[in-house]
Amino acid sequence: RGNWDQRPWYRLLLNLVHDLNSPSPALDPISLGILSVFGSAFHVVQPLVVPGFAFAWMELVSHRMFFSNLLLAKNQRGWGVAHQLIIDLFLFLEPHLRRTELTDAIKHLYKGTLRVLLVLLHDFPSFLAGYSLSFCNVIPENCVQLRNLILSALPQQLMALPDPFTPNLKIDLLPEISQNPVILSDVTGPLGNIREDLDGYLKSRQPSNFVGEMLLPRLYKEGAKPGSLGDVDAPRVNSLVLYVGTQAISRLQNSVIAHTPEMEVLQKLMELDDRGRYISLNAIANQLRYPSSHTHYYSCVMLFLFGEAKAEGVKEQITRVLLERLIVHRPHPWGLLITFLELIKNQRYQFWSHPFTRCATEIEKVFESVARSCVVPDGGALRSAGTAGGDERAQ
């Protein structure tokens, strides 16, 4: 109701959260159970269900006596509840953030969300990194900075990132490149009935018409006609791209990526309409994160797609997906920088010869600005930041 006051309920629940989660010999043995009960209660009254409680809900969920304790629970047993609550917040914001103009209330809620994510990025980066797939599934494509925040999360076991501007940096020689990232999201769930045929094709290229006829129509939402604007199932595409990549990495063992069934599937996605191709390229770019086997593989995939694309529109769209993530405020994912640097510097891709880099004065200035920001600090010319990784596997 319009005249409903959320403040008394906020105060009541806050007192309960504080009292029942304070250190206590009597309550400590059942602390996780208490946190789980509060988590279930907050899930029931999430903003989608009770919009008038949204601000109080966010204050309660992000409170240090609740969320921090949830993430600090032994063996990550509270992470599932925390993940669901963050998803609840994103699901409420998603339709609002797709609009060009935001109301003052949504602006404040969005700023609060950014602050919560910044705290998580600083204190619990492994949580954000582990669930990046499911978080990106519910973040609109136009929320580039929000997505960059999540994709920039660096697991705590990685002490520091290699400088992407290091001269002659060999990406494939980094020890982290051989390690698979931890994925806590459900990868196979969104695939639905695609998975059985997909597994068969990746193992033996059977059914033989899977890529040619069966794949693309099954990437649309139920009841949607292929080619309908906005009806490509983004979570399914995100899961498909990640699943195909994990299968390729387990089988490739540093061999070339061209002419493999996995690459055939990823190349087929480039035949979707503009909207579907944009979703597919974003799904690939979402895997350009910290140094890992996934970042290395998907960086090679992105460069391979650019180099092999015959249509200028595909090359332009790949550039758009990378560039729009770099022109927003930091942080920028490490793998994104590595991939873009390789694209603009490696003469194989002839990046600056493409007409879309010079199609308008404004666009030209944007490219020049980004290129200047990628110059090595000593003022020298740009040098290769991953030639070995981009060259050897993308043959």
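Before reading on, note that the structure itself is shown above.
All residue numbers refer to positions counted from 1 along the written sequence of the respective chain. Residues qualify for local features only when their pLDDT is at least 70, as the model is predicted, and side-chain atom pairs are given and counted only at 80 or more; totals for whole chains, interfaces and linings, by contrast, use all residues. The side-chain numbers reported here are obtained from all heavy atoms of the structure, hydrogens and water having been left aside.

## A look at the environment of Leu288
Stated formally: In this description a helix means any DSSP run of H or I spanning at least four residues, a strand means any run of E spanning at least two, and both kinds are numbered starting from the N terminus.
Locating Leu288 in the fold gives a position in the loop between helix H14 (274-285) and helix H15 (293-308). On a C-alpha basis, the gap between Leu288 and Pro333 in space is 6.8 Å, while along the polypeptide they are 45 residues apart.

## Remarks on the packing of aromatic side chains
One pair of aromatic rings is described through two measures. These are the centre distance and the angle between the planes. What counts, and what does not: Pairing of aromatic rings covers Phe, Tyr and Trp, the last counted by its six-membered ring, and requires centre-to-centre distances within 6.5 Å; plane angles under 30 degrees mean stacked, over 60 mean edge-to-face, and any other angle means tilted. Here, over-ring charges are defined by two tests on the NZ atom of lysine or the CZ atom of arginine: distance to the ring centre within 6 Å, and angle to the ring normal within 35 degrees.
Overall, the coordinates contain 15 aromatic pairs when judged by the stated rule. Between the aromatic rings of Phe351 and Trp352, the centroid separation amounts to 5.0 Å while the plane-to-plane angle is 85°, which identifies the pairing as edge-to-face. An aromatic cluster is defined as three or more aromatic residues linked by ring pairs; in this entry it consists of Phe67, Trp79, Phe90, Phe127, Tyr131 and Phe135. Seen from the ring of Phe306, Lys315 lies directly overhead, with NZ or CZ sitting 4.8 Å from the centre.

## Comments concerning helix H17 (residues 334-345)
Residues spaced three or four apart along an α-helix face the same direction, because each turn holds 3.6 residues. Definition in use: Helix span is expected to be 1.5 Å times the residue number reduced by one. Each residue gets one of three labels from its accessible area relative to the maximum for its type: buried under 20%, exposed over 50%, partly exposed in between, using a 1.4 Å probe on protein chains only.
Given a rise of 1.5 Å per residue, twelve residues ought to cover 16 Å, and the 17 Å separating the end C-alpha atoms of H17 matches this to within 8%. Counting buried residues in H17 gives twelve out of twelve residues, a clear majority hidden from the surface. Listing the buried residues of H17 in full gives Trp334, Gly335, Leu336, Leu337, Ile338, Thr339, Phe340, Leu341, Glu342, Leu343, Ile344 and Lys345.

## Thoughts on a nonpolar patch on the surface
Applicable threshold: Note on patches: the residues involved have over 30% relative accessible area and no salt bridge, like charges join within 9 Å, and the nonpolar side chains Val, Leu, Ile, Met, Phe, Trp and Tyr join within 5 Å. Here the accessible surface of atoms and residues is derived via Shrake-Rupley with a 1.4 Å probe, and residues count as covered only by protein chains that are part of the display. Between Lys or Arg on one side and Asp or Glu on the other, a salt bridge is scored when a side-chain nitrogen of the former is within 4 Å of a carboxyl oxygen of the latter.
A cluster of nonpolar side chains, contributed by Trp4, Trp9, Leu12, Leu16 and Leu20, occupies part of the molecular surface with about 470 Å² of accessible area. Along the chain, the position of Leu20 falls in helix H1 (residues 7-21).

## Quick look at the packing of H1 against helix H4 (residues 64-71)
Note the threshold: Axes, fitted as lines to C-alpha atoms, cover a helix only where it is in contact. Angles between the N-to-C directions of the axes lie from 0 to 180 degrees. Angle categories are assigned with fixed cut-offs, so that under 35 degrees is roughly parallel, over 145 is roughly antiparallel, 65 to 115 is roughly perpendicular, and the rest are oblique. Any two residues having at least one pair of non-hydrogen atoms within 4.5 Å are treated as being in contact. For this classification, Asp, Glu, Lys and Arg are treated as charged, while Ala, Val, Leu, Ile, Met, Phe, Trp, Tyr, Cys and Pro are nonpolar and the rest, including Gly, are polar.
Running from N to C, H1 and H4 point in directions that differ by 50°, and their axes come no closer than 9 Å. Considered as vectors, H1 and H4 are oriented oblique to each other. For the pair H1 and H4, contact is made by Val17, His18 and Asn21 and by Met65, Phe66 and Asn69, respectively. In terms of residue class, the contact of H1 with H4 is made up of three nonpolar, three polar and no charged.

## Things to note about the environment of Thr100
Of note, Thr100 is situated in the loop between helix H5 (79-97) and helix H6 (104-123). In the structure, Thr100 is positioned 42 residues away from Asn142 in sequence and 9.5 Å away in space, judged by C-alpha atoms.

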